[in-house]
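Topology and contacts: notes
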Amino acid sequence: MGLVILLAVVVLAGAVLSVQAAINGRLGETVGVLRSSLLTFAVGAVVTGLLILFFEPAQAVSLLEVPKWQLTGALFGVVYMMVMVGAVPVVGTAVATVAVIVGQLGMGMLIDNFGWLGNPAIGLSSSRMLAMVCLAVALVFMYRSSQRTG
Amino acid sequence: MQTLDEGLVAAPVKCSALRLLLLPLVILAGMGLSVEAGLLGPLGEQVGHLWATLSIFGVGSAILFLLLLFAGPRKGPALTELPRWQLIGGFLGPIYVVVLTLATPHIGIAMTMIAILSGQVGKSVLIDHFGWFGATRKKVNGERWLALGLIVVALVLIARG
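Keep in mind it's a predicted model, so treat the numbers as computed, not measured.

**Points about the interface of chain A and chain B**
At the interface, 102 residues of chain A touch 107 residues of chain B. Broken down by secondary-structure element, the contributors of at least two residues to the side of chain A that touches chain B are helix H1 (2-31), helix H2 (33-55), helix H3 (73-91), helix H4 (93-114) and helix H5 (126-149) of chain A. Broken down by element, the side of chain A that touches chain B gets its largest block of residues, 26 residues, from H1 of chain A. Counted by class, the side of chain A that touches chain B contains 65 nonpolar, 31 polar and six charged residues.

**Things to note about H4 of chain A**
With 22 residues, H4 of chain A should cover 32 Å at 1.5 Å per step; its first-to-last C-alpha distance of 32 Å lies within 8% of that length. Positioned one or two residues after H4 of chain A, Gly 115 of chain A has a phi angle of 65 degrees, which is positive.

**Points about helix H3 (residues 89-107) of chain B**
Residues and elements named next belong to chain B. The end-to-end C-alpha distance of H3 is 27 Å, a good match for the 27 Å that 19 residues give at a rise of 1.5 Å each. The largest bend along H3 reaches roughly 25 degrees and is located at Thr 101, with the proline Pro 105 sitting one to four residues downstream. Of all 19 residues that make up H3, 15 are buried, and the element is covered over most of its length. Backbone geometry just downstream of H3 places Gly 108 in the positive-phi region, at approximately 85 degrees.

**Quick word on the UniProt feature "transmembrane region" (unreviewed entry) in chain A**
The residues that UniProt annotates with the feature "transmembrane region" (unreviewed entry) are residues 37-55, 75-102 and 122-143 of chain A. What you have in residues 75-102 of chain A is 96% helix and 0% strand, and the ends, taken at the C-alpha atoms, are 20 Å apart.

**Thoughts on the domain arrangement of chain A**
Along its sequence, chain A is organised into domain 1 (16-53) and domain 2 (72-150). The distance between the C-alpha centroids of domain 1 of chain A and domain 2 of chain A comes to 22 Å.

**Some points on the packing of H4 of chain A against helix H4 (residues 109-130) of chain B**
Two numbers describe a pair of packed helices, the interaxial angle and the distance between the axes. Two numbers describe how H4 of chain A lies on H4 of chain B: the axes approach to 7 Å, and their chain directions differ by 150 degrees. Every residue of H4 of chain B that contacts H4 of chain A at Ile 101, Gln 104, Leu 105, Gly 108, Met 109, Ile 111 and Asp 112 of chain A is listed here: Ile 109, Ala 110, Met 113 and Leu 117 of chain B.

Parameters and conventions
- Residues numbered from 1 in each chain as written.
- Chains lettered and ligands numbered in written order.
- Predicted model: local features only at pLDDT ≥ 70, side-chain atom pairs only at ≥ 80, totals over all residues.
- Contact = placed C-beta atoms within 7 Å.
- Helix = DSSP H or I, 4+ residues; strand = E, 2+ residues; numbered from the N terminus.
- Nonpolar A, V, L, I, M, F, W, Y, C, P; charged D, E, K, R; others polar.
- Expected span 1.5 Å × (residues − 1).
- Bend = angle between axes of the 7 residues up to and from the residue.
- Buried ≥ 20, exposed ≤ 12 C-beta atoms within 10 Å, placed from the backbone.
- UniProt positions renumbered as here; feature names shortened; annotations may be inferred.
- Domains from an automatic or database assignment.
- Axes fitted to C-alpha atoms, helices over the stretch in contact; angles between N-to-C directions.

As structure tokens, then:
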């Protein structure tokens with residue numbers, strides 16, 4: 001039951017992310033991608049900082065004590081943004097989207113399966129494989145419908 | 001962070017060699033997103049989910065600030081001249097990152113990504129269909145409903161383990 005609730009929360013987060021992308025897309029058109037991203041990240045940092053001050057319980061380990069490679073996550077996000085800015089006008093949105101998802105899921109399955117980066121190892125079960133197949137077919141449908149509507 | 005649908009609309013340029021060169025780069029960028037999620041989960045377990053989120057937004061802001069200062073465009077409208085609602089994107093980002101750090105240790109990175117994706121697809125299909133948030137109401141064709149159905153099936157398969 002806990003798993004179902006967690007999944008529902010993650011699905012909702014996807015919807016929220018999509019709303020954010022829509023808002024930022026409009027902002028990026030007028031002020032440029034760098035400025036709109038900086039605004040998003042800066043406001044995000046301020047909001048998170050406030051939440052930490054008032055709601056976060058004290059932790060045994062601080063950010064300064066963990067191995068430095070664990071703090072490099074943001075770099076991947078920034079590199080992703082730069083690549084997309086350069087590549088989307090050339091390859092098109094639909095192809096870029098599918099390529100990103102292929103990379104995400106492929107790498108996600110590798111990390112899960114081998115437990116890389118300190119994650120718990122989750123083996124590739126038959127239902128997980130089947131879920132991947134469903135998603136691949138779903139992507140084909142989405143791609144075809146976006147081709148038709150232009 | 002990933003932004004899959006809106007905001008990236010541009011007409012493809014016909015240049016096959018460049019396209020073939022860029023495609024692996026885009027796939028690599030996608031792999032980077034999973035690495036980011038993979039780093040976040042264990043980090044959140046150690047230092048707390050909000051601290052892990054702050055590391056993403058703090059480091060991201062710092063890098064983007066330096067990039068903008070030294071490599072960005074000098075001209076452009078000031079943020080203070082824009083409608084305020086366009087500036088609220090930053091409030092939504094932390095929700096996504098906190099959920100990532102919460103979920104990945106329990107359901108794994110690949111499955112978290114599928115769930116995120118289904119939220120994105122579902123939201124855009126529903127917004128188009130019902131015309132929410134002032135979007136022009138347009139008929140959503142059968143193929144997109146089918147795609148959404150398949151993604152839900154994928155989620156059910158994951159939930160069953």
